[in-house]
Amino acid sequence: MPGRNPSPPPADLLSILKYDPDTGILVWTNTLRGRPPGRRAGNLDKDGYRVVGYAGRTYRAHHLAWLIMKSEWPTQIVDHANGDPDDNRIANLRLSTPSQNSSNRKKPATNTSGYKSVIRHHKSGRWNAQIKDGPKALF
């Protein structure tokens, strides 16, 4: 992500992780603080993203997957195409702009229309819809 690229993880972190691009799973290859080899690396955070802790730092698993497969930190947001934040298969990961990423969000649980970007105006009771391309409203 522009301006927020994490510093590269220690080389030893990448040397003790194995990534399977078909399943999207990172596993430990060495015993580390009692974690046996073959154990899935990381835990889910409050938003459902898998995070891997190492040497006092936290790394998102999809960023590590991108780094392992592309040999570089992502230059933009890494978007999960299917919307599942724990599906880190390389085929499900893509670079996106903030606008593209937000358009891939699931509809909120409070949505009563059944459609993204369609809401009932609280005062008039009329339905409103808005589609934007960046800052510009299309209608």
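Scroll up for the structure.
Along each chain, residues carry numbers from 1 onward, in the same order as the chain's sequence is written. Whole-chain, interface and lining totals are the exception, using all residues; otherwise, since this is a predicted model, local features are given only for residues with pLDDT of at least 70 and side-chain atom pairs are given and counted only at 80 or more. Computation of side-chain values: all heavy atoms of the structure, hydrogens and water removed.

## Re the overall build of the protein chain
Then step 1. A helix here means a DSSP run of H or I that spans at least four residues, while a strand means a run of E at least two residues long, and both kinds are numbered starting from the N terminus. Across its full length, the protein chain holds three helices and 11 strands.
Then step 2. Secondary structure elements of the protein chain occur, N-terminal to C-terminal, as α-β-β-β-β-β-α-β-β-α-β-β-β-β.
Then step 3. To get the radius of gyration, use the C-alpha atoms; to get the globule rule, take the number of residues to the power 0.38 and multiply by 2.2 Å. Taken over C-alpha atoms, the radius of gyration comes to 19 Å for the protein chain, far larger than the 14 Å a tight globule of 139 residues would show.
Then step 4. Projected onto the principal axes, the alpha-carbon positions of the protein chain cover approximately 60 × 30 × 25 Å.
Then step 5. Three labels apply to residues, based on accessible area from a 1.4 Å probe with only protein chains included: buried if under 20% of the type maximum, exposed if over 50%, partly exposed otherwise in between. By the burial criterion, 28% of the 139 residues in the protein chain qualify as buried.
Then step 6. The criterion used for residue contact is that any of the two residues' heavy atoms lie within 4.5 Å. Long-range contacts, defined as pairs at least 24 residues apart, comprise 34% of the intrachain contacts of the protein chain with a sequence gap of at least 6.

## A word on the packing of aromatic side chains
A ring pair, where both rings are aromatic, is described by two values, the distance of the centres and the angle of the planes.
Then step 1. A pair of Phe, Tyr and Trp rings is counted when the ring centres sit within 6.5 Å of each other, with Trp represented by its six-membered ring. The angle between the planes then sorts it: under 30 degrees is stacked, over 60 is edge-to-face, the rest tilted. By the definition in use, this model includes one aromatic pair.
Then step 2. For the ring pair Y59 and W73, a centre distance of 6.5 Å and an interplane angle of 15 degrees mean the geometry is stacked. One end of the pair, Y59, is in strand β5 (residues 57-60); the other, W73, is in the loop between α2 (61-70) and β6 (77-80), with 14 residues separating them in the sequence.
Then step 3. For Y59, a relative accessible area of 4% puts it in the buried group.
Then step 4. Overall, W73 belongs to the buried group, its relative accessible area being 12%.
Then step 5. Above the face of the Y49 ring, R60 is positioned so that its terminal group lies 4.1 Å from the ring centre.
Then step 6. Any Lys NZ or Arg CZ that is within 6 Å of a ring centre and within 35 degrees of that ring's normal is treated as a charge sitting over the ring. Across from the ring centre of W66, 5.1 Å away, lies the NZ or CZ of K70, which sits over that ring.

## Points about the sheet that holds strand β3 (residues 43-44)
Then step 1. Strand pairing is assigned whenever DSSP identifies at least 2 bridges connecting the two strands. Strand order in this open sheet of three strands is β3-β4-β5, and the pairing throughout is antiparallel. One side of each edge strand has no neighbouring strand; the edge strands of this open sheet are β3 and β5.
Then step 2. Looking at chain direction, β3 and strand β4 (residues 50-54) are connected through two bridges and run antiparallel. Across the sheet, residue N43 finds its bridge partner in β4, namely V51.
Then step 3. Running at roughly 70 degrees to β5, α2 makes contact with β4 and β5 of the sheet. Angles shown run from 0 to 180 degrees and are taken between the N-to-C directions of axes, each axis being a line fitted to C-alpha atoms and, for helices, limited to the stretch in contact.

So far we have only geometry, and geometry alone does not tell us how the molecule works.
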